[in-house]
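Overview (structure and organization)
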Amino acid sequence: MRGLFICIEGLDRTGKTTQADAICSFLNSKMKLDTVQIAFPVRNEPKTGHLLDLYLKKEITLPPEKVHMLFSDNRWMKAEEIKQTLESGKCVICDRYVYSGVVYSSAKTEYIVENQLEEIDSGFHRKNRPVIHHKTAPSKEDRMRFLLEPDVGLPQPDILFFLAMDPFRALERTEEEKREVYETPNFQARVKMEYLQLFSFLYPKFQPEESKISTTDSNSTISSSSSSSLPSSSSVPSSSSVPSSSSSSASTSSPLHPLPFSWHYIDASQKPEDVSDQITRILAEYMELFLSQTPPLSMISLPPV
C-alpha cells in the first residue's frame with residue numbers, strides 16, 4: 001500500500017512549516033506511519049535550489065519567466081523521490097508545491113503567453129518550453145493554465161490544506177529586515193487573491209468566502225471545505241472529502257478511485273495548536289478511508305478547456 005501525499009499551501013508566515021511538523025508528529029506517533037517532509041523550493045538542490053535561495057534572499061535578481069521555470073525544475077528534481085517514497089508506504093508532507101508556483105508567478109505581473117523554444121539552463125525537465133513575456137495579459141484562466149503547464153506530470157497530492165490568514169497580520173510574525181523578496185504586505189494580498197482564483201479555476205465547487213472561516217467554534221474541523229478531483233489522465237470522477245459539521249461537500253462515487261484529491265481551507269489566524277487540532281482531526285478521519293480504499297497515485301494535469 002502506498003503512502004499518503006499531503007500538501008500544505010498558504011501565504012508566507014502563515015505557519016506552514018509548523019503545521020507540516022505537527023502533521024509529521026501526528027502520523028508518526030498516533031498513526032504509526034513513516035513520513036518524509038519536503039519544503040519547496042529545496043534550497044540545497046545544486047542545479048536550481050542555490051539560485052532560488054539567492055533570489056529569495058534578494059541577493060540576485062532574475063526575470064520572472066526564469067524564476068517560474070527554476071521553481072518548476074526544482075519540483076521536478078524531487079518528483080521521482082516523491083513517487084518512490086509513496087510507493088514504499090511512507091507518507092510525504094510537502095510544504096508548498098505546484099500551487100505556489102502558479103500563484104506567485106501570476107501575482108508578480110501581467111503575462112502574455114507565447115509558445116516559443118527555450119533551452120533549459122538546469123539541463124532538466126524538457127527542451128521545448130514556453131516563454132513568458134511582459135505584455136498585455138491573456139485571460140486569467142489562460143494564464144493559470146499556462147503557468148501550470150510546466151508541472152503537468154508531477155505527482156498529485158491526495159489532500160491539501162490551505163492556510164488562510166490576513167497577509168498584513170501574517171507578516172507581523174517576522175521582522176521587516178528579515179523578510180524575503182515576496183514578503184511585502186501588498187504582494188502577499190495579491191497572492192492570496194491569486195490562490196482563491198486558482199482554486200476556483202481548478203475546483204469548481206470551491207467556496208472562498210472568508211465569512212465561512214470559523215475562528216471560534218472549537219468543534220468545527222474545517223472552515224470551508226469541499227473536494228474535487230484535479231483532472232488526471234484517467235479522468236476519474238470525484239467523490240467527497242471527509243464531511244464535517246461546518247463543511248460543504250460534493251460526492252460522486254467511483255469504484256476505481258474512491259478518494260480523489262481533497263482540499264481544506266483552514267483559518268491560520270488561530271493559535272497554532274488549534275490549527276493543528278483541526279488538521280489532525282481531518283487527517284485521522286481521512287486516513288481511515290485512505291487505508292481501506294487506497295487510490296492509485298494521480299498526476300497533475302491541465303483542466304479541460
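Located above this text is the structure these notes cover.
To start, this report covers the structure provided alongside it. In this text, all values refer to a predicted model and were calculated from it rather than measured experimentally. (Residues numbered from 1 in each chain as written. Predicted model: local features only at pLDDT ≥ 70, side-chain atom pairs only at ≥ 80, totals over all residues. Heavy atoms only, no water.)

Concerning the overall build of the chain
Scanning the chain for helices and strands turns up nine helices and eight strands. Looking at the chain as a whole, 54% of its 305 residues are labelled buried. Looking at the chain as shown, the accessible area adds up to about 13300 Å², and 51% of this sits on carbon and sulfur atoms. (Helix = DSSP H or I, 4+ residues; strand = E, 2+ residues; numbered from the N terminus. Buried < 20%, exposed > 50% of the residue type's maximum accessible area, 1.4 Å probe, protein only. Areas by Shrake-Rupley, 256 points an atom, 1.4 Å probe, with all protein chains shown as cover.)

Here's the deal with the state of the cysteines
One pass over the structure, following the stated rule, counts zero disulfides. Here C91 is not cross-linked by a disulfide; its sulfur's nearest cysteine counterpart is in C24, at 9.4 Å. Residue C91 is classed as buried on the basis of its relative accessible area, which comes to 2%. Left without a disulfide partner, C94 is nearest to the cysteine sulfur of C7, which lies 6.1 Å away. (Disulfide = S-S within 2.5 Å.)

Notes on the packing of helix α3 (residues 64-76) against helix α5 (residues 98-108)
Close contact between α3 and α5 brings their axes to 10 Å; oriented N to C, the two are set at 175°. It follows from the interaxial angle that α3 and α5 lie roughly antiparallel. Residues P64, V67, H68 and R75 of α3 pack against V98, G101, S105 and K108 of α5. Residues of the contact of α3 with α5, tallied by class, amount to three nonpolar, three polar and two charged. (Axes fitted to C-alpha atoms, helices over the stretch in contact; angles between N-to-C directions. Parallel < 35°, antiparallel > 145°, perpendicular 65-115°, else oblique. Contact = heavy atoms within 4.5 Å. Nonpolar A, V, L, I, M, F, W, Y, C, P; charged D, E, K, R; others polar.)

Brief notes about the pairing of strand β8 (residues 262-267)
Within β8, six of the six residues are buried, leaving the element largely enclosed by the surrounding structure. Of the two faces of β8, the one holding S262, H264 and I266 and the one holding W263, Y265 and D267 are both buried throughout. Pairing of strand β6 (residues 159-164) with β8 involves six bridges; the strand directions are parallel. Each residue of the ladder has a partner; that of L160, found in β8, is W263. (Pairing = 2+ DSSP bridges.)

Considering the pattern of salt bridges
In the structure shown here, the tally under the stated rule is eight salt bridges. For K57, the salt bridge goes to D53, with nearest N and O atoms at 3.2 Å. A relative accessible area of 14% places D53 in the buried class. Connected through salt bridges with shared partners, the residues E9, D12 and R96 form a single ionic network. (Salt bridge = Lys/Arg side-chain N within 4 Å of Asp/Glu carboxyl O.)

As for the pairing of β6
With six of six residues buried, β6 is to be regarded as a mostly interior element. Alternating residues of β6 divide into I159, F161 and L163 and L160, F162 and A164, and every residue in both groups is buried. Relative to β6, strand β1 (residues 5-10) runs parallel, the two being bridged by five bridges. Within the sheet, the bridge partner assigned to E9 lies in β6 and is F162.

Section: the side chain of T35
Examined against the element boundaries, T35 turns out to sit in strand β2 (residues 35-39). Ignoring any residue separated from it by four or fewer positions in sequence, one finds T35 in contact with C24, L27, N28, C91 and I93.

Comments concerning unusual backbone geometry
Residue F40 is joined to P41 through a cis peptide bond whose omega torsion reads 0°. Note on placement: P41 falls in the loop between β2 and α2 (49-56). A positive phi is found at K32, a non-glycine position, where the angle reads about 55°.

Section: the environment of D95
Mapped onto the elements of the fold, D95 is located in strand β3 (residues 91-95). Leave out the neighbours within four places in its chain, and D95 touches I8, K16, T17, I38, A39 and F40.

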